[in-house]
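# Inside the fold
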Amino acid sequence: MNLNHFQTMLLFAVVISVAFAFLTKRKLSERARYALWTFLAFLLVAVAIGWLMYPLSR
Amino acid sequence: MAEEQHKTEGGSAALATVVAVAGWLVPGLGHLLLRKWTRALVYFLAVGTLAVTGLALRGNIFSALGGDAFDMLGFLADLGTGVFYLVSRIIENGGPDVSRAAGDYGTRLFATAGVLNLLCVLDAHEIARGRKT
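All of the points below concern the structure found in this document. (Residues numbered from 1 in each chain as written. Chains lettered and ligands numbered in written order. Predicted model: local features only at pLDDT ≥ 70, side-chain atom pairs only at ≥ 80, totals over all residues. Heavy atoms only, no water.)

## Re the overall build of chain A
If you tally the helices and strands in chain A, you get 2 helices and 0 strands. Expected size for 58 residues packed as a compact globule is a radius of gyration near 10 Å; at 14 Å, chain A overshoots this value by more than 25%. Considered along the principal axes of its C-alpha atoms, chain A spans approximately 45 × 30 × 15 Å. Here chain A holds 58 residues, and the buried ones make up 28% of them. For chain A, the exposed surface amounts to about 4200 Å²; the carbon and sulfur share of it is 74%. (Helix = DSSP H or I, 4+ residues; strand = E, 2+ residues; numbered from the N terminus. Rg over C-alpha atoms; globule rule 2.2 N^0.38 Å. Buried < 20%, exposed > 50% of the residue type's maximum accessible area, 1.4 Å probe, protein only. Areas by Shrake-Rupley, 256 points an atom, 1.4 Å probe, with all protein chains shown as cover.)

This is the structure in structure tokens:
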């Protein structure tokens, strides 16, 4: 099995977002909102940090 | 009255211990014993997905015989996956390969699964003690 960095990060973000939503919220609507928000935050922060580090790789 | 309360707390403590150990051994089993069906399934799938993917990516699974403090921390995190750690040697029949980036991702995913399961164990323990719903 082989996954690239982005695919691994997506898997991590989905699983952790859903698990954290179930750990911290009790209502279904709250869980859905929390999971979506956390997932998007994971993606946004990861892409932002990636672009911030981009000049250092050249 | 105080004795009754002590007995109730003692019973809760015993149940909480059983639930915590069960939840550690098999992710989600603690919640299953508490009849929290959905949470049990979600936690089992979450921990299982991360652990199996980590093994499939040929991540490094730490043993108790590690040479330094970081190896020991890795071992404790990996041990959190419970049964997945115990069968990891069978599933990961090719052995670890951290010479590729994917192998390194696998190491992190498996450790994340362990730490996540410990959070789930804590959640089940708190529910059994009546501190959470």
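Next comes the rest of the account.
## Thoughts on the packing of aromatic side chains
Tallying each qualifying case throughout the model produces 4 aromatic pairs over all chains. With centroids separated by 5.5 Å and ring planes inclined at 75°, the aromatic side chains of Phe 12 of chain A and Phe 42 of chain A adopt a geometry described as edge-to-face. Taken together, the residues Phe 12 of chain A in helix α1 (residues 5–24) and Phe 42 of chain A in helix α2 (residues 28–53) connect sequence positions 30 residues apart. Judged by centre distance (6.0 Å) and plane angle (40°), the rings of Phe 44 of chain B and Phe 84 of chain B are tilted. Taken together, the residues Phe 44 of chain B in helix α3 (residues 37–56) and Phe 84 of chain B in helix α5 (residues 83–86) connect sequence positions 40 residues apart. Using a relative accessible area of 9% as the deciding quantity, one classes Phe 84 of chain B as buried. (Phe/Tyr/Trp six-rings, centres within 6.5 Å; stacked < 30°, edge-to-face > 60°.)

## Concerning the nonpolar core
Core analysis: the biggest nonpolar cluster contains 26 residues, and Tyr 43, Leu 50, Leu 57, Phe 110 and Leu 116 of chain B have the highest contact counts within it. Listing elements by their share of this core, those giving two or more residues are α1 of chain A together with α3, α5 and α7 (101–128) of chain B. Beyond its immediate chain neighbours, meaning those up to four positions away, Phe 110 of chain B contacts Leu 50, Ala 51, Gly 54, Leu 55, Ile 61, Asp 78, Thr 81, Phe 84, Tyr 85 and Ser 88 of chain B. (Core = buried A, V, L, I, M, F, W, Y, C linked by side-chain atoms within 4.5 Å. Contact = heavy atoms within 4.5 Å.)

## A word on the interface of chain B and chain A
At the interface, 21 residues of chain B touch 17 residues of chain A. The contact between chain B and chain A buries some 1600 Å² in all, and 75% of this surface belongs to carbon and sulfur atoms. For the pair chain B and chain A, the interface holds 1 salt bridge. With its nearest N and O atoms 3.5 Å apart, the salt bridge here joins Arg 26 of chain A to Asp 123 of chain B. Where chain B packs against chain A, one counts 5 residue pairs in polar contact (both at pLDDT 80 or more). (Buried area = accessible area lost by both parts, 1.4 Å probe. Salt bridge = Lys/Arg side-chain N within 4 Å of Asp/Glu carboxyl O. Polar contact = N/O pair within 3.5 Å; in protein donor to acceptor, adjacent residues only side chain to side chain.)

## Details of the pattern of salt bridges
Inspection of the entire model under this criterion finds 5 salt bridges over all chains. Between Arg 100 of chain B and Asp 97 of chain B there is a salt bridge whose closest N-O contact spans 3.0 Å. You can call Arg 100 of chain B partly exposed: its relative accessible area is 26%. Asp 97 of chain B gets classed as buried once you look at its relative accessible area, which sits at 18%. Here the salt bridges share partners, and the residues they tie into one network are Arg 26 of chain A together with Asp 123 and Lys 132 of chain B.

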